[in-house]
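Listed below, chain by chain, are the residues.
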Amino acid sequence: MSGLTHWDVVIVGGGPGGATLAALLARAGWSVAVLEKETFPRYHIGESLIPEVLDVLDESGALSAVDRAGFLRKEGGVFRWGANPEPWTFHFDEARERYRFTYAYQVVRSTFDQILLDHARASGAQVFHQVTAREFFEFLLPGTDQVGGRVLATGSDGEPIEFTARLVVDCSGQAGWLSSRFRLRKYDPFLRNVALFTYFRDATRLEGRDANAIFCEATDRGWFWNIPLHDGTNSVGLVTKAELCPKAGDRTEFYNAALQSSVYTRQMLAKATCVAEQRCIADYSYRPRRLVGPGYLLTGDAGNFIDPIWSTGIMLATTGARLAARAIGESFRSGTNAALLEYETSLQQIVGRYRHFIYFFYHTNASPSNYFWKAYSMVTGAADARDAFIRLVSGRLGV
Ligand SMILES: Cc1cc2nc3c(=O)[nH]c(=O)nc-3n(C[C@H](O)[C@H](O)[C@H](O)COP(=O)(O)OP(=O)(O)OC[C@H]3O[C@@H](n4cnc5c(N)ncnc54)[C@H](O)[C@@H]3O)c2cc1C
């Protein structure tokens, strides 16, 4: 354990949001501690990245290590969704703007998250594994009128540990450390979904440049994602409405029946072997009552979660980390909270636009061009409807 107990920033959670924020702040010269309750590598769902993530990781300095990991390069997506009976395809490099990254990766999260957290440590952050944040208290920073945060945590053997900071950032993901403490979470009344997922070996993959694309297929019981991974497996998940999902013992049967009702996913898995137990996670979408309070700030899934249909989770967590890092630096320099409040407004605008698009996508059984036109009504500066859609699904809303 480090001798330092007072930090500029204490971050709770070492996932992509926390690790990216830690790297950005440490590289800017601030003292940073990351408290992570697990030992890495640890399993996590959420394997498909979109290009904007690469921009943020380039800025945090983590991208070269991610590039070297051997993850499959994802150039776009293939969707069987809406009124069109045939799958339709898009590629990130269709964007009219000359972006540096017009691809992303399909990542094994245990490896990816470890790379990001190792990079945070190499950037100067202190990372404490098997330390679980329990209590939070605000306090007046000595000699100032500024409020800081105190975290009471426990180590692996249950011993109490205390950390104090000018600001505590909750990056605890869906666990929602501060959200549950302060009752900040508001669940979305429409996007109340559940995901059932597992892994297959020897699945038939798409061809040509779409071999590494994400494939999503709507069925009458929900929709499937099918994500090829570099370890030879495919992550295949069913997202269904909470009220349709049966209780624990009957879920495999439900998943298999949904698979049989699919057209393409079933064919792609016809010769494949299931190689992992099935997992289930409630992926109810939610938003926070606030992202910033006295002595604390929330980012990543700790604040917002929106349905995984457009693979926006890690983009929002890392984009949130980038916005938070800028705001925290500005707030420390100015001695005011103005930048933190701007962070909240900016991030909520971005999340709000994706939520709005996802509502439309779920509720409109239309041709792909309707989805492109919807994107065009929401994305400023796009050359045309398809360009707007490509920008949106690449995570490019201009922050
Ligand atoms: C079914 C499903 C499919 C998804 N698919 C995708 C996808 O394809 N692409 C995509 O981009 N996103 C996807 N996501 C979302 C993505 O997984 C998350 O958005 C992303 O992991 C958020 O990162 P984070 O750092 O905010 O939180 P997390 O990655 O969850 O990290 C939080 C960390 O905090 C730690 N922690 C929690 N509580 C405490 C505590 N009290 N003290 C200390 N540590 C603590 C946890 O151990 C964890 O390591 C999916 C999500 C779901 C549910």
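Residues numbered from 1 in each chain as written. Predicted model: local features only at pLDDT ≥ 70, side-chain atom pairs only at ≥ 80, totals over all residues. Heavy atoms only, no water.

A closer look at the pairing of strand S15 (residues 233–241)
Okay, step 1: In terms of burial, S15 is largely enclosed, as eight of its nine residues are buried.
Okay, step 2: Examined bridge by bridge, strand S12 (residues 193–201) and S15 share nine bridges and lie antiparallel to one another. Looking across to S15, one finds that Ala-195 is bridged to Val-239.
Okay, step 3: Sheet topology note: the strand S14 (residues 222–228)/S15 ladder contains six bridges and is antiparallel. Residue pairing for S15: Trp-225 is matched across the bridge by Gly-237.
Okay, step 4: Taking the residues between adjacent antiparallel strands as the criterion, S14 and S15 are bridged by four residues, where Gly-232 takes a positive phi near 90°. (Buried < 20%, exposed > 50% of the residue type's maximum accessible area, 1.4 Å probe, protein only. Helix = DSSP H or I, 4+ residues; strand = E, 2+ residues; numbered from the N terminus. Pairing = 2+ DSSP bridges.)

Structural notes on the domain arrangement of the chain
Okay, step 1: Domain annotation for the chain reports domain 1 (6–74 + 102–185 + 285–394) and domain 2 (193–282).
Okay, step 2: The centre of domain 1, based on its C-alpha atoms, is set 27 Å off from the matching centre of domain 2.
Okay, step 3: Facing 19 residues of domain 1, the contacting portion of domain 2 comprises 18 residues.
Okay, step 4: Buried area between domain 1 and domain 2, both sides added, is near 1600 Å², and the carbon and sulfur share of it is 63%.
Okay, step 5: Of all residues in domain 1, Tyr-43, Leu-72 and Gln-106 give up the largest surface area on contact with domain 2, accounting jointly for 31% of the area buried on that side.
Okay, step 6: Connecting domain 1 to domain 2 are zero salt bridges.
Okay, step 7: Of the residues in the side of domain 1 that touches domain 2, the class split is 10 nonpolar, five polar and four charged. (Domains from an automatic or database assignment. Contact = heavy atoms within 4.5 Å. Buried area = accessible area lost by both parts, 1.4 Å probe. Salt bridge = Lys/Arg side-chain N within 4 Å of Asp/Glu carboxyl O. Nonpolar A, V, L, I, M, F, W, Y, C, P; charged D, E, K, R; others polar.)

Brief notes about the environment of Val-108
Okay, step 1: Residue placement: Val-108 occurs in the loop between strand S6 (104–106) and helix H4 (109–122).
Okay, step 2: As a C-alpha pair, Val-108 and Gly-303 span 195 residues in sequence and 24 Å in three-dimensional space.
Okay, step 3: Contact partners of Val-108, with chain neighbours within four places excluded, come to Phe-71, Leu-229, His-230 and Asp-231.

What to know about the side chain of Asp-113
Okay, step 1: Within the fold, Asp-113 resides in helix H4.
Okay, step 2: Those residues in contact with Asp-113 that sit more than four places away from it in its chain are Gly-15, Pro-16, Phe-40, Arg-42 and His-44.

Thoughts on the pairing of strand S9 (residues 147–154)
Okay, step 1: For strand S8 (residues 132–140) and S9, the ladder comprises eight bridges, and the chain directions are antiparallel. Opposite Phe-136, over in S9, you have Val-151 as the bridge partner.
Okay, step 2: Here S8 hands over to S9 after six residues, with Gly-143 in that stretch at a positive phi of 75°.
Okay, step 3: The pairing of S9 with strand S10 (residues 160–170) spans six bridges and is antiparallel. The residue bridging Val-151 from the neighbouring strand is Phe-163, located in S10.
Okay, step 4: Hairpin connection, S9 to S10: the antiparallel pair is bridged by five residues, and Gly-158 has positive phi, about 85°.

Some points on helix H9 (residues 338–363)
Okay, step 1: Spanning 26 residues, H9 covers 38 Å between terminal C-alpha atoms, matching the ideal 38 Å at 1.5 Å per step.
Okay, step 2: Among all positions in H9, only Ala-339, Leu-340, Tyr-343, Glu-344, Leu-347, Ile-350, Val-351, Tyr-354, Arg-355, Phe-357, Ile-358 and Phe-361 are buried. (Expected span 1.5 Å × (residues − 1).)

Details of the site of the ligand
Okay, step 1: Of all residues adjacent to the ligand, which total 38 residues, the nearest are Gly-17, Glu-36, His-44, Ser-48 and Asp-301.
Okay, step 2: In the environment of the ligand, an oxygen atom lies 2.9 Å from a nitrogen or oxygen atom belonging to the side chain of Arg-42.
Okay, step 3: Residue Arg-109 places a side-chain N or O atom 2.9 Å away from an oxygen atom belonging to the ligand.
Okay, step 4: Surface burial for the ligand is 95%, taken as the share of its 1000 Å² of free accessible area covered by protein chains. (Near = heavy atom within 4 Å. Polar contact = N/O pair within 3.5 Å; in protein donor to acceptor, adjacent residues only side chain to side chain. Areas by Shrake-Rupley, 256 points an atom, 1.4 Å probe, with all protein chains shown as cover.)

Quick word on the nonpolar core
One broad trend across soluble globular proteins is that nonpolar side chains are buried collectively.
Okay, step 1: Within the largest apolar cluster, 116 residues are counted, with the highest numbers of intra-cluster contacts made by Ile-11, Leu-21, Trp-88, Phe-163, Trp-310, Ile-328 and Phe-389.
Okay, step 2: Residue-level mapping places this core at the junction of two domains, with at least three residues from each of domain 1 (6–74 + 102–185 + 285–394) and domain 2 (193–282).
Okay, step 3: Leave out the neighbours within four places in its chain, and Ile-328 touches Val-9, Leu-21, Leu-25, Leu-167, Val-169 and Leu-340.
Okay, step 4: Among the nonpolar cores identified, the runner-up in size contains 15 residues, and Ala-203, Ala-242, Leu-259 and Ala-272 belong to it. (Core = buried A, V, L, I, M, F, W, Y, C linked by side-chain atoms within 4.5 Å.)

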